[in-house]
Amino acid sequence: QVQLVESGGGLVQAGGSLRLSCAASTRTFSGYVMGWFRQAPGKEREFVAAISRNGDLTKYADSVKERFTISRDNAKNQVYLQMNSLKPEDTASYYCAAGLSYTTTKSAGYNYWGQGTQVTVSS
């Protein structure tokens, strides 16, 4: 069982930055691919970014490329999402997830989820 707790969300103006963190309670954190997803009201949950087990591979949704950066610290059991140049359309609840497959961008491909942290970008 993996417990994930996100933090770092909040209200920011368009063009601003936020850094989300996700703390994992597991002894095998480095054995999991980590991902970030987001869900806006009335919309389906969508893939944002993923990072491989040792952090050497990352991938992003087209909508956040060049603006968001995912990283991880296996020694601290943490994964991060640095979000720059935020836009109102980035407003959503952001979820951290742990899974076993780097290739999938579908939420069904992840086994464990946090409760989410709200990001609101004002125009």
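Described in the following lines is the structure provided in the data block.

Thresholds applied
- Within every chain, residues take consecutive numbers counted from 1 along the sequence as written.
- Given that the model is predicted, a residue must reach a pLDDT of at least 70 before its local features are reported, and side-chain atom pairs must reach 80 or more before they are shown or counted; all residues, however, enter totals for whole chains, interfaces and linings.
- The side-chain quantities take in all heavy atoms of the structure and omit both hydrogens and water.
- Working definition: helices are DSSP H or I runs of at least four residues, strands are E runs of at least two. Numbering for both runs from the N terminus.
- A pair of strands is labelled paired if DSSP reports no fewer than 2 bridges between them.
- Axes, fitted as lines to C-alpha atoms, cover a helix only where it is in contact. Angles between the N-to-C directions of the axes lie from 0 to 180 degrees.
- Residues count as neighbours in contact if any of their non-hydrogen atoms are within 4.5 Å of one another.
- Throughout, a disulfide means two cysteine sulfur atoms within 2.5 Å of one another.
- For every residue, the accessible area (1.4 Å probe, protein chains only) is compared with the maximum for its type, and the residue is labelled buried under 20%, exposed over 50%, or partly exposed between those bounds.

## Quick word on the environment of glycine 55
- Looking at where glycine 55 falls in the secondary structure, it is placed in the loop between β5 (46-51) and β6 (58-60).
- As a C-alpha pair, glycine 55 and valine 33 span 22 residues in sequence and 8.8 Å in three-dimensional space.

## Side note on the sheet that holds strand β7 (residues 68-73)
- Taken in spatial order, the 4 strands of this open sheet run β1-β3-β8-β7, and their pairing is antiparallel. What marks the edges here is a single partner per strand, and that holds for β1 (3-7) and β7. Mean inter-strand twist for the sheet, computed between neighbouring axes without regard to direction, equals 15°.
- The pairing of β1 with strand β3 (residues 18-25) spans 5 bridges and is antiparallel. By the bridge assignment, valine 5 is partnered in β3 with alanine 23.

## Regarding the environment of leucine 4
- Locating leucine 4 in the fold gives a position in strand β1.
- Spatially, the C-alpha atoms of leucine 4 and arginine 53 are 16 Å apart, while their sequence positions differ by 49 residues.
- Excluding anything up to four places from it in sequence, leucine 4 contacts Cys22, Ala23, Ala24, Met34, Cys96, Ala97, Ala98, Tyr112, Trp113, Gly114 and Gln115.

## Re the state of the cysteines
- Scanning all chains against the criterion turns up 1 disulfide.
- Bridging cysteine 22 to cysteine 96, the disulfide has an S-S length of 2.1 Å. Taking the sign of the S-S torsion, -75° for the link of cysteine 22 and cysteine 96, the bridge is left-handed. With a gap of 74 residues between them, cysteine 22 in strand β3 and cysteine 96 in strand β9 (residues 92-99) connect regions that are remote in the sequence.
- A relative accessible area of 1% places cysteine 22 in the buried class.

## Side note on the pairing of strand β4 (residues 33-39)
- β4 sits mainly inside the fold: 6 of its 7 residues count as buried.
- In this structure, β4 lies alongside β9, joined through 7 bridges in antiparallel fashion. Looking at the pairing, phenylalanine 37 lines up with tyrosine 95 of β9.
- As judged from the 5 bridges shared by β4 and β5, these two strands associate in the antiparallel manner. Looking at β5, one finds that glycine 35 is bridged to alanine 50.
- Connecting β4 to the next strand, β5, in antiparallel fashion are 6 residues, including glycine 42 with a positive phi near 80°.

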